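Take a look at the letters that make up each chain.
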Amino acid sequence: MNIDAKVSAALAKMDAVMPRAGAGFDDNKLMLFGDPGSGKTSFLTDLVDTFDEKLLVISTEQGGGGLITVANELEARGKIEKFHSNVFSIDLADYRQVLEIFLRDPDPDTGKKIPRLYRFYPELREFRPTVLVWEGLTNFQQALVNLELLGEKEMEMEEKERWAYWGTMKTTTFRIHHDFLSCTDPDYQWHHILTIHETEDAERDGKGKVTKVLGVKPEIQGGGTRAIYQAYNLIVRTVKRRIDVPLKGIETSYEYITKAKATEEWEKCRGYELPPSFPADSARVWNELNRVRDLMQKEKK
């Protein structure tokens, strides 16, 4: 091979790995946060049923994922076959597994980065997922990372050790979160959905005692949460309400909230045409995300 041929081959490989202009607008990036049972996993049902999305769900939740919710809801609609054809679920319970799962490796022939998931689960190539879902960032931090950094023994940390621990928690979370949002097929774009628990947002004194409750927030440890918020096109808080209705008893309703209180920092809406709060309607949210994404793609063309 002469010099010109070598240069041409090298440039062809660079063409394969360089991103397309505006590629960041090709996928929907959605964060859902709320208490357990508030409707985060239920959101996925309409993606399968109404939009025929193919979900690749990675769960680091305690006890595995809650996809039985999706299966039960599809069965109630008489469409359980869609659960089997459109949902691919992987439960992870080890820190090292999570480090590997979202990585990509260069294809030796094309130079394109392909998901390492294809090596672990070759059947994914035929499945062709369209949405990558990560359920359980909260448990990943509080159980898997905690166990990896501290071991199984109780540990009284000095102040220096405490700072090192939280610094490692932050950088580990940032790295894996980045890998999650970057994980996609090189030939077509996957959408990304992160589900996470919520926690009280409060000011505390030097002893950790709450002095002022500010509201709620996604339960992310280690600082830098606002940087993670910025990665998403939309953040939705899922809420379950139980109301005692006279003569009827307890009634349950589900709500989506897109606007944070003045004292909360989690809000990320990017101008989508969604009200501050409304009855839970995943189809409405997904349609709006797709509408704006389609506009951006038309602009690129």
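Keep in mind that what you see is a predicted model, and the values were worked out from it rather than measured.

### Some thoughts on the overall build of the chain
Next, step 1: Helices and strands together make up the secondary structure of the chain, namely eleven helices and twelve strands.
Next, step 2: The burial tally for the chain puts 45% of its 301 residues in the buried class.
Next, step 3: Once local pairs closer than 6 in sequence are excluded, the contacts in the chain between residues at least 24 apart make up 67%.
Next, step 4: In the structure as shown, the chain presents an accessible area of about 16600 Å², 51% of it carried by carbon and sulfur atoms.

### A closer look at the sheet that holds strand β1 (residues 29-34)
Next, step 1: Strand order across the open sheet formed by eight strands is β3-β2-β6-β7-β1-β10-β11-β12, with mixed pairing between neighbours. Where the open sheet ends on each side, the last strands, each with one partner, are β3 (87-91) and β12 (277-279). Going from strand to strand, the sheet's axes swing by 25° on average, the running direction of each strand aside.

### With respect to the layout of surface pockets
Next, step 1: One number sums up the size of the second largest pocket: a volume of about 430 Å³.
Next, step 2: Surrounding the second largest pocket, 25 residues form its lining, Ser38, Gly39, Lys40, Thr41 and Ser42 being those nearest its centre.
Next, step 3: Mapped by element, the contributors of at least two residues to the lining of the second largest pocket are α2 (43-49), α3 (68-76) and β11 (249-257).
Next, step 4: With three residues, α2 is the single largest residue contributor to the lining of the second largest pocket.

### Comments concerning the nonpolar core
Next, step 1: One finds Leu56, Ile58, Phe102, Leu117, Trp134 and Phe140 to be the most contacted residues of the largest nonpolar core, which totals 42 residues.
Next, step 2: Those residues in contact with phenylalanine 140 that lie beyond four places of it in its chain are Thr60, Tyr95, Val98, Trp134, Val145, Thr172 and Ile176.
Next, step 3: Membership of the second largest hydrophobic core comes to 27 residues, among which are Val48, Leu55, Phe83 and Val285.

### A few points about the pairing of strand β8 (residues 198-204)
Next, step 1: In terms of strand pairing, β8 meets strand β9 (residues 210-218) through seven bridges, oriented antiparallel. By the bridge assignment, glutamate 198 is partnered in β9 with proline 218.
Next, step 2: Between β8 and β9, which pair antiparallel and follow one another directly, the connecting turn spans five residues, one of which, glycine 208, has a positive phi of 90°.

### Digging into α3
Next, step 1: All of the buried residues in α3 are Val70, Ala71 and Leu74. Projected down its long axis, α3 shows its buried positions confined to an angular sector of 100°, all on one face. Those residues of α3 that are exposed and aimed more than 90 degrees away from the buried face are Ile68, Glu75 and Ala76.
Next, step 2: Buried residues along α3 sit against α2 and α4 (80-86).
Next, step 3: Where α3 terminates, the next one or two residues include glycine 78, which has phi positive at roughly 75°.

### Examining unusual backbone geometry
Note on backbone geometry: most residues besides glycine have negative phi, and most peptide bonds are trans.
Next, step 1: Notably, aspartate 52 is not glycine yet its phi reads approximately 55°, a positive angle.
Next, step 2: Turning to its location among the elements, aspartate 52 is positioned in the loop between α2 and β2 (55-59).
Next, step 3: What makes aspartate 52 partly exposed here is its relative accessible area of 47%.
Next, step 4: With phi around 50°, arginine 270 is a residue other than glycine that occupies positive phi space.
Next, step 5: One can find arginine 270 in the loop between β11 and β12.

### Observations regarding the environment of arginine 96
Next, step 1: Along the chain, the position of arginine 96 falls in helix α5 (residues 95-101).
Next, step 2: Through-space distance from the C-alpha of arginine 96 to that of valine 145 is 9.5 Å; in sequence the pair is 49 residues apart.

### Observations regarding the side chain of histidine 191
Next, step 1: One can find histidine 191 in strand β7 (residues 191-196).
Next, step 2: Not counting chain neighbours up to four residues away, the residues in contact with histidine 191 comprise Asp26, Asp27, Asn28, Glu53, Thr130, Val131, Leu132, Trp286 and Arg293.

Reading the values: the criteria
Residues numbered from 1 in each chain as written. Predicted model: local features only at pLDDT ≥ 70, side-chain atom pairs only at ≥ 80, totals over all residues. Heavy atoms only, no water. Helix = DSSP H or I, 4+ residues; strand = E, 2+ residues; numbered from the N terminus. Buried < 20%, exposed > 50% of the residue type's maximum accessible area, 1.4 Å probe, protein only. Contact = heavy atoms within 4.5 Å. Areas by Shrake-Rupley, 256 points an atom, 1.4 Å probe, with all protein chains shown as cover. Pairing = 2+ DSSP bridges. Axes fitted to C-alpha atoms, helices over the stretch in contact; angles between N-to-C directions. 1 Å grid on protein atoms, 1.4 Å probe; cavity = no way out; pocket = protein on both sides within 12 Å on 5 of 7 lines; lining within 4 Å. Points joined across faces, edges and corners; volume = space filled by probe spheres on them. Core = buried A, V, L, I, M, F, W, Y, C linked by side-chain atoms within 4.5 Å. Arc of directions from axis to C-beta.

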